[in-house]
Amino acid sequence: MQSLLSDAELLARLVSFDSTSRNSNLPIADFLCDYLDRPGVRVARNLSSDGTKTNVIAWLGPEPAGDRRGLVLSGHMDVVPAEEDGWRHDPFSLADEGDRWVGRGSCDMKGFLALAANLMAGADPRKWRAPLALVFTYDEEVGTLGAKRLTESFPEAEQLPRSAVIGEPTSLRVARTHKGHTKLQVILHGVSAHSGYPHLGVNAIEPAGRVIVALTDLRHRLEAETVPNRDLFPEVPYVPLNVGTIHGGSAINVVPDRCVVEVGFRPLAGITSEELFERVSRTAREAAAPFEPEVELLSDSPPLLLDEASPIHRHLCAIQHQEAGSSVSFATDAGWLQRLGMDCAIFGPGSIEVAHKPNEFLPKDEFAAARGLLERTVRRFCEEEE
């Protein structure tokens, strides 16, 4: 059994793993499983379909009951790349800059992982009435893939406690809703030829241009539509649609035989990604005619809407003296976890404004404050709850 580390020491160990989404997360998952391997803790893995990645699920306390009492603390193990210019230190070596911890993933979201792991590793559950569960996922940054896998393939997923804290960086503000994020690609096929003999080929980029114009028109229509829960997103009260990347052609003197247009849209709660996917697909196919493009779904992160009356929402707002939960403009694993019947609140230390940037940092005072707030939350849902 590994010795218990301080929160800062554990954060440093977690940051030292290059768990960029393109890499296997098995090294950091192995470390966490070993660290949590203590008397009374039950640790399980939920592997990806190819076995190169895994979710980590751990329980402590009484066995799960049908009433699903207790608490889940959830976060993702992967991080975005750290290849930008401007880093003052090795991004995978936690740096102490006085009032902050600096490193890739420090706020998004290995700070929360360190707190959650230590709250379990150092706990005495003898007085607990309900279990504490940790759900650490893979590939959140590239489309909440690990959370989706958990909902589809982990046998005990629907036994997890109902109340959950998703520790994304919110500067310790409680959020109860976010939009989803669906990513897809439109693939157009042509016929390659020498550009001096264009009649021998079919240019795949030209119909892609029509598709982009049509998707721009669809974007404007979506912005003008009145949609459910728009009041929760006053800055952007509609479904955003973005043509994000275009890939096509190999050289100026070659008629391109393939072009790929990648598109993302963000549905609000009350709108299904399926219906929006169909609208985008239909728009692309009509604009490309007589070409017949392929439209492929890349990833789908559902939106989240937590009931204001849920116990976890009321508790977090109360201990933070916050009148009501807010919204965030990024998708999280909560969109999938709520499909397991879980009440998910978004709440964690650090600011999303410094995530995914050089010198990402976690304020030390927020890190310390989050520890106390999460301790109170564990007591409320695992010890005091009737």
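Basis of the calculations
- Residues numbered from 1 in each chain as written.
- Predicted model: local features only at pLDDT ≥ 70, side-chain atom pairs only at ≥ 80, totals over all residues.
- Heavy atoms only, no water.
- Helix = DSSP H or I, 4+ residues; strand = E, 2+ residues; numbered from the N terminus.
- Rg over C-alpha atoms; globule rule 2.2 N^0.38 Å.
- Buried < 20%, exposed > 50% of the residue type's maximum accessible area, 1.4 Å probe, protein only.
- Areas by Shrake-Rupley, 256 points an atom, 1.4 Å probe, with all protein chains shown as cover.
- Lys, Arg positive; Asp, Glu negative; His and termini not counted.
- Charge placed at Lys NZ, Arg CZ, Asp CG, Glu CD.
- Axes fitted to C-alpha atoms, helices over the stretch in contact; angles between N-to-C directions.
- Parallel < 35°, antiparallel > 145°, perpendicular 65-115°, else oblique.
- Left-handed = near helix turned anticlockwise from the far one by under 90°.
- Contact = heavy atoms within 4.5 Å.
- Nonpolar A, V, L, I, M, F, W, Y, C, P; charged D, E, K, R; others polar.
- Core = buried A, V, L, I, M, F, W, Y, C linked by side-chain atoms within 4.5 Å.
- Expected span 1.5 Å × (residues − 1).
- Arc of directions from axis to C-beta.
- Pairing = 2+ DSSP bridges.

Chemist: Give me the lowdown on the overall build of the protein, citing residues and values where you can.
Modeler: Helix and strand counts for the protein stand at nine helices and 18 strands. Here the C-alpha atoms of the protein give a radius of gyration of 23 Å, agreeing with the 21 Å that 2.2 N^0.38 yields for 386 residues. Overall, the C-alpha framework of the protein stretches about 80 × 45 × 40 Å when taken along its three principal axes. Across the 386 residues that make up the protein, the buried fraction comes to 53%. Summing over all exposed atoms, the protein offers an accessible surface of approximately 16500 Å²; the carbon and sulfur share of this is 49%. Side-chain charges in the protein split into 39 positive and 56 negative, and the spacing between the mean points of these groups amounts to 3 Å.

Chemist: Account for unusual backbone geometry, with residues named and values stated.
Modeler: The omega angle of the peptide bond from Asp108 to Met109 is -5°, so this bond is cis rather than trans. Cis geometry marks the peptide bond from Ala289 to Pro290, where omega comes out at 10°. One can find Pro290 in the loop between helix H6 (273-288) and strand E14 (294-301). A positive phi angle, close to 60°, is found at Asn359, a residue other than glycine. Classification of Asn359 as buried rests on a relative accessible area of 9%.

Chemist: Hey, could you go over the packing of helix H1 (residues 7-15) against helix H3 (residues 106-121) for me, with residue numbers and the actual values?
Modeler: Running from N to C, H1 and H3 cross one another at 130°; their axes reach a closest spacing of 9 Å. With respect to each other, H1 and H3 are oriented oblique. When you trace H1 past H3, the crossing you get is right-handed. Residues Asp7, Leu10, Leu11, Leu14 and Val15 of H1 form the contact with H3, whose participating residues are Ser106, Lys110, Gly111, Leu113, Ala114, Leu115, Ala117 and Asn118. The residue makeup of the contact of H1 with H3, split by class, is eight nonpolar, three polar and two charged.

Chemist: Just give me the short version of the nonpolar core, but keep the residues and values in it.
Modeler: Buried together is how nonpolar side chains tend to be arranged in soluble globular proteins. Ranked by internal contacts, the top residues of the largest apolar core, which has 64 residues, are Leu71, Leu73 and Val165. Top contributing element to this core by residue count: H3, with 11 residues. The residues contacting Val165, other than those within four sequence positions of it, are Leu71, Val72, Leu73, Ser74, Phe112, Ile312, Leu316, Ala345, Phe347, Leu374 and Thr377. Val186, Leu218, Val261 and Ile271 belong to the second largest nonpolar core, which has 27 residues in total.

Chemist: So, helix H9 (residues 364-384): which residues are in play, and what are the values?
Modeler: The end-to-end C-alpha separation of H9 is 29 Å, in line with the 30 Å expected for 21 residues at 1.5 Å each. Within the span of H9, buried status applies to Glu366, Phe367, Ala370, Leu373, Leu374, Thr377, Val378, Phe381 and Cys382. All buried residues of H9 fall inside an arc of 150° around its axis, so they share one side. Counted as exposed and oriented over 90 degrees from the buried face of H9: Asp365 and Ala368.

Chemist: With reference to specific residues and values, describe the pairing of strand E1 (residues 42-47).
Modeler: Here E1 runs beside strand E2 (residues 54-60); their pairing, made up of six bridges, is antiparallel. Note on E2: the bridge partner recorded for Arg45 is Val56. Hairpin connection from E1 to E2: six residues lie between these consecutive antiparallel strands, with Gly51 at a positive phi of about 80°.

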